Amino acid sequence: MPKLLTGAEIVFKCLEDQKVNHIFGYPGGAVLPIYDELKNHPSIKHILVRHEQGAGHAAEGYARSTGKPGVVLVTSGPGATNVVTALTDAYMDSVPMVCISGQVPTHLIGTDAFQECDTTGITRPCTKHNWLVKDINELSDVMHEAFKVATTGRPGPVLIDIPKDIQFAKAKYKKPKKDKKLNGKSHNKFSANEIDQLINLINKAKKPIIYSGGGVINSGPKASEALRKFVELTGFPITSTLQGLGAYPGDDNQFLGMLGMHGTYEANNAMHDCDLLINIGARFDDRITGKIDDFSPNSKKVHIDIDPSSINKIIKVDLAIVGDVTKVIDKVNRTIVKNGNGKSNKPNIAKWWEQIQKWRNKNSLNFINSEDSIKPQHAVQRLYELTKNKDTYVTTEVGQHQMWAAQHYKFNKPNRWMTSGGLGTMGYGLPAAVGVQVAHPEKLVIDIAGEASVLMTMQEMSTAVQYNLPIKIFILNNQYMGMVRQWQELLHEKNYSESYSEALPDFMKMADAYGCLGIKADDPSELDEKIQEMVDYNGPVIFDCHVDPNENCFPMIPSGKPHNQMILGPNDQEENKIKGKGKALV
Amino acid sequence: MPKSKSAYSTPSIKQKSDTYIFVVWVDNEAGVLARVVGLFSGRGYNIESLAVAEVDAVKNISRITIVTTGTPQVIDQIRLQLTKLVPVHKVGEFKRDDKDVIFKEMALFKIVGKKNKIEKCLNACKKFNPVVLDETKSSAVIQITALRREIDKMSKKLKPLGLISTSRTGAVAMTRGAKIFN
Ligand SMILES: Cc1ncc(C[n+]2csc(CCOP(=O)(O)OP(=O)(O)O)c2C)c(N)n1
Ligand SMILES: [Mg+2]
């Protein structure tokens, strides 16, 4: 007779076989058998969060910074509904995550039992797949398949709903099956012909640009290496989406900065004017394309992506290569080398680089600094300068501060930048930082935050204190929902409807209450010294950085406008005042 | 629509829509229909009809037939998104006027009225292999199989002749000849 294990034991057996070291969770009635079993599995450390949304974002931070799936454990009903925002966030940004939720016993399902909700129904549209396990004999297979679905193809979240009686029931444990083909859901069958077509386009291009995205990060560190090689071999300029930052070094001369709504002048103009656009692992999001009909009107478009449904979803492309970025780019690189670098078309694109240099001279990320108040851009720049020599991990909340972080903090490695791009979830950054720090206990982890966002998941500071996670919460406190205020200023006649943060808490006292260090800065001359204090402090810090409340984030493409119609910052607006060119666009 | 002051994106030029029939082979498991239907409603695709039943009890496979309309880009997306669902094995897609594919729908008509009216109804249905499934002095249930638009037409035609209730299965599809879809 093989040994029979309880459902709860099987859950942990699976987690062990899937090499899970950390789970983020919160207990409750419907998962108590699983919590009871926790003590018998010392290789798995449970991080107790303060809200299930926090567990989800922490798992996302963990996953993004390691490439391994994040694991979440929550109870039925409110536990499951609280994690929905994080599941949706992970779904939008393709983050691998496995969420285990408790459910009322099978005989009570459908009776509106205490803390019952239709968890698989609620999470169906925000997971790659989900399962309600009603038969204990299926539990092992479902758990293993869940990890496979979450981590293969385009990664994403999955959920396994386990009724309480199943957690008690007994069955044989089944090990993961080796390399079972997953229903043909993972795609990596590109042809040599496609590669040749791409090479041909590369050779002919006079005004090329590479536009890379989060898919490069998801494909693993090798993809970033391949991308760097590709950029070096071709000599092409490269721009990146918000999620792709770090795949290519942010301080390299061939990097044009981020593109899109708050991207640089050179990146967006190059996208608009190019004759060859190579999209690597990005998805033509509307914050990137602006007005679809005017998007990069004169270019041949190539799209490399692992998800076939991303191809032609928004922008029709001339050449699609469906496959894993690492594999595709490696193959392209090898072909270029084989063909001999002599045939390189670097001279062809010299003129293009001259044009790009002209755009660059606009210095579109520029801002007017001040000696009286801290400018938020300046704060991010100083933070970057004072932390760039460490292997720093940065998370953000959502708003102006997020865009300033993307513009002014330069990333040189993949997996160092965790931000909520697709869903734009305020409250993501702090718990994400918790997850990153759990995965990298010795590294410097900073959440570049807004004062409004950070209040949405502030309670996770307790988690950081409980587990000695020395995360640094760097709040660019402008007393406004700044991004909302900016849109109201530019687009709603300065009607600042409900965007001022009345009655903000005293963040110093808050730090005190949580038992971490509070630092406050409002004088530009003290900024460096205080940032240094934060970096040097061995423990969690809340840094309340008071910045100019009226600063706007530029450049900006009003959505629905093409790339070459950007609003630039105050320096440029001064120049263009008479023409009123910028204003007419708003 | 009033011109929005706010910088929201504006919809781009629309292409022409066409009617397509999707045939989807899925694992017959709990929630699979909800996944398929949820995909359509969640992404704003349209469902004109849907028919589903298990077709292979051993392998536990159900076959879903969906009639939908969309621009070529939307139809592409529907196929690709369906293919991504974990319990979906394969997806076939046919234009409504595809000559290599048979599309059929079954309808049950309940007619209430005198014999002569019922006779007239049967006559009208002649082209569509009418079968009388139930008959009383004052009523009949007639089954026909036909194309969707033919059934549309018939329902209109039979209304004045005493049609009081219609039940339809939604279209199902099969390729002609010896080849099967794969
Ligand atoms: C959960 C959630 N609610 C609302 C929004 C809409 N929103 C986007 S940015 C923003 C303001 C953020 O303010 P803050 O965190 O202070 O950042 P700032 O823009 O001032 O840097 C709001 C309300 C959102 N993104 N997420
Ligand atoms: Mg703010």
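Below is a summary of the structure that appears in this document. (Residues numbered from 1 in each chain as written. Chains lettered and ligands numbered in written order. Predicted model: local features only at pLDDT ≥ 70, side-chain atom pairs only at ≥ 80, totals over all residues. Heavy atoms only, no water.)

A few points about the overall build of chain B
Assigned secondary structure in chain B consists of 4 helices and 9 strands. Taken from N to C terminus, the helices and strands of chain B fall in the order β-α-β-β-α-β-β-α-β-β-α-β-β. Compactness check: chain B gives a C-alpha radius of gyration of 20 Å against a globular reference of 16 Å for 182 residues, more than 25% above the reference. When the 182 residues of chain B are sorted by exposure, 39% land in the buried category. Expressed as a percentage of contacts within chain B between residues at least 6 apart in sequence, the contacts between residues at least 24 apart total 72%. Taken as two groups, the 32 positive and 17 negative side-chain charges of chain B have centres that lie 7 Å from each other. (Helix = DSSP H or I, 4+ residues; strand = E, 2+ residues; numbered from the N terminus. Rg over C-alpha atoms; globule rule 2.2 N^0.38 Å. Buried < 20%, exposed > 50% of the residue type's maximum accessible area, 1.4 Å probe, protein only. Contact = heavy atoms within 4.5 Å. Lys, Arg positive; Asp, Glu negative; His and termini not counted. Charge placed at Lys NZ, Arg CZ, Asp CG, Glu CD.)

Focus on the overall build of chain A
Counting its regular elements, chain A contains 25 helices and 20 strands. What you see for chain A is a C-alpha radius of gyration of 25 Å, in line with the 25 Å of a compact globule of 586 residues. Once the C-alpha set of chain A is aligned to its principal axes, its extents read approximately 80 × 60 × 40 Å. Relative to its 586 residues, chain A shows a buried fraction of 60%.

Concerning the environment of A:Val328
Residues and elements named next belong to chain A. Among the secondary structure elements, Val328 is positioned in helix H14 (residues 325–339). Residue Val328 is classed as buried on the basis of its relative accessible area, which comes to 0%. Taking the C-alpha atoms as reference points, Val328 and Ser370, 42 residues apart in sequence, are found 47 Å from one another. Residues contacting Val328, with those up to four places away along its chain left out, are Phe190, Ile195, Ile304, Ile321 and Gly323.

Structural notes on the coordination of the magnesium ion (ligand 2)
Residue and element names in this part refer to chain A. Coordination sphere of the magnesium ion (ligand 2), protein contribution only: Glu451 (OE), Glu451 (OE), Asn478 (OD1) and Tyr480 (O), at 2.0 to 2.6 Å. Coordination at the magnesium ion (ligand 2) is irregular: its 6 donor atoms span angles of 52 to 175° at the metal. Here the donor residues for the magnesium ion (ligand 2) map to a single chain with the spacing E-x26-N-x1-Y. Linking Glu451 in helix H19 (residues 451–454) with Tyr480 in the loop between strand E18 (472–477) and helix H21 (482–491), this pair joins segments that are 29 residues apart in sequence. Overall, Tyr480 belongs to the buried group, its relative accessible area being 17%. (Donors = N, O, S within 2.8 Å, 3.2 Å for Na, K, Ca; no water. Tetrahedral: all angles 85-135°; square planar, octahedral: opposite > 155°, others 65-115°.)

Some thoughts on the pairing of strand E17 (residues 445–450) of chain A
Residue and element names in this part refer to chain A. Of all 6 residues in E17, 6 are buried, a share of seventy percent or more. In this sheet, E17 lies alongside strand E15 (residues 393–396) in parallel orientation, the contact comprising 4 bridges. When the sheet's bridge partners are listed, Thr395 is paired in E17 with Asp447. (Pairing = 2+ DSSP bridges.)

Some points on the site of ligand 1
Residue and element names in this part refer to chain A. Surveying the vicinity of ligand 1 reveals 17 residues, the closest of which are Gln400, His401, Gly424, Ser453 and Gly482. Taking Ser453, its side chain carries an N or O atom lying 2.6 Å from an oxygen atom of ligand 1. Measuring from an oxygen atom of ligand 1, one finds a side-chain N or O atom of Asn478 at 2.9 Å. Relative to its unbound accessible area of 590 Å², ligand 1 is 76% covered by the protein chains. Mapped by element, the contributors of at least two residues to the shell around ligand 1 are helix H17 (400–408), H19 and H21. By residue class, the composition of the shell around ligand 1 is 8 nonpolar, 8 polar and 1 charged. (Near = heavy atom within 4 Å. Polar contact = N/O pair within 3.5 Å; in protein donor to acceptor, adjacent residues only side chain to side chain. Areas by Shrake-Rupley, 256 points an atom, 1.4 Å probe, with all protein chains shown as cover. Nonpolar A, V, L, I, M, F, W, Y, C, P; charged D, E, K, R; others polar.)

Observations concerning the pairing of strand E5 (residues 101–112) of chain B
Residues and elements named next belong to chain B. Burial along E5 is one-sided: Val101, Phe103, Glu105, Ala107, Phe109 and Ile111 are buried, while Ile102, Lys104, Met106, Leu108, Lys110 and Val112, pointing the other way, are not. Sheet topology note: the E5/strand E9 (residues 172–175) ladder contains 4 bridges and is antiparallel. From the neighbouring strand, Ile102 faces E9, where its bridge partner is Met174. Here E5 pairs with strand E7 (residues 139–146) via 8 bridges, running antiparallel. Pairing of Met106 across the sheet is with Thr145, part of E7.

Let's talk about unusual backbone geometry
All names here are of chain A. The step from Phe554 to Pro555 runs through a cis peptide bond, and the omega angle for that step is -5°. Mapping Pro555 onto the fold places it in the loop between strand E20 (541–546) and helix H24 (570–575). Even without glycine at this site, Asn312 takes up a positive phi of about 60°. Assignment of secondary structure puts Asn312 in the loop between strand E13 (300–305) and strand E14 (319–322). Relative accessible area serves as the criterion here: at 17%, Asn312 is assigned to the buried category. The phi dihedral of Asn468 falls on the positive side, at around 50°, and the residue is not glycine.

Topic: the nonpolar core
Residues and elements named next belong to chain A. In this structure, Ile278, Ile280, Phe474 and Phe543 are the most contacted members of the largest nonpolar core, which totals 96 residues. Per-element accounting of this core gives the leading share, 6 residues, to helix H11 (residues 221–234). If near-sequence neighbours (up to four positions away) are discounted, Phe543 is found in contact with Ile473, Phe474, Ile475, Ile519, Ala521, Leu527, Lys530, Ile531 and Met534. In this structure, Val49, Tyr62, Val95 and Phe507 belong to the second largest nonpolar core, which totals 45 residues. (Core = buried A, V, L, I, M, F, W, Y, C linked by side-chain atoms within 4.5 Å.)

A closer look at the packing of aromatic side chains
What characterises a pair of aromatic rings is the spacing of the ring centres plus the angle enclosed by the ring planes. As enumerated under the stated definition, the model contains 12 aromatic pairs over all chains in all. When the centroid spacing of 5.7 Å and the interplanar angle of 80° are considered together, the rings of A:Phe284 and A:Phe295 count as edge-to-face. With A:Phe284 in the loop between strand E12 (276–280) and helix H13 (286–289) and A:Phe295 in the loop between H13 and E13, this pair connects stretches of sequence that are 11 residues apart. A:Phe284 sits in the buried class, given a relative accessible area of 1%. An aromatic cluster is built from A:Tyr384, A:Tyr409, A:Phe411 and A:Trp417, whose rings are joined through pairwise contacts. Directly above the ring of B:Trp25 sits B:Lys90, whose terminal nitrogen or CZ lies 4.5 Å from the centroid. (Phe/Tyr/Trp six-rings, centres within 6.5 Å; stacked < 30°, edge-to-face > 60°. Lys NZ or Arg CZ within 6 Å of the ring centre and 35° of its normal.)

Quick notes on the pattern of salt bridges
A full pass over the atoms with the stated rule returns 27 salt bridges over all chains. As a salt-bridge pair, A:Lys375 and A:Glu551 come within 2.7 Å of each other at their nearest N and O atoms. Of the two residues, A:Lys375 is situated in the loop between helix H15 (350–360) and helix H16 (376–387) and A:Glu551 in the loop between E20 and H24; the sequence distance between them amounts to 176 residues. Owing to a relative accessible area of 8%, A:Glu551 belongs among the buried residues under this scheme. Residues joined in a network through salt bridges with shared partners are B:Glu48, B:Glu105, B:Arg148, B:Asp152 and B:Arg168. (Salt bridge = Lys/Arg side-chain N within 4 Å of Asp/Glu carboxyl O.)

Considering the environment of A:Asp324
Residues and elements named next belong to chain A. In this structure, Asp324 sits in the loop between E14 and H14. Considering only alpha carbons, one finds Asp324 and Met458, 134 residues apart in sequence, at a separation of 37 Å. Those residues in contact with Asp324 that lie beyond four places of it in its chain are His187, Asn188, Ser219 and Ile306.

With respect to the sheet that holds strand E5 (residues 97–103) of chain A
Residues and elements named next belong to chain A. Across the sheet, 6 strands lie side by side as E3-E2-E4-E5-E7-E6; this open sheet has parallel pairing. The sheet is open, and its two edges are formed by strand E3 (45–48) and strand E6 (129–132), each paired on a single side. Averaged over all adjacent pairs, the angle separating strand axes in this sheet is 20°, with direction ignored. (Axes fitted to C-alpha atoms, helices over the stretch in contact; angles between N-to-C directions.)

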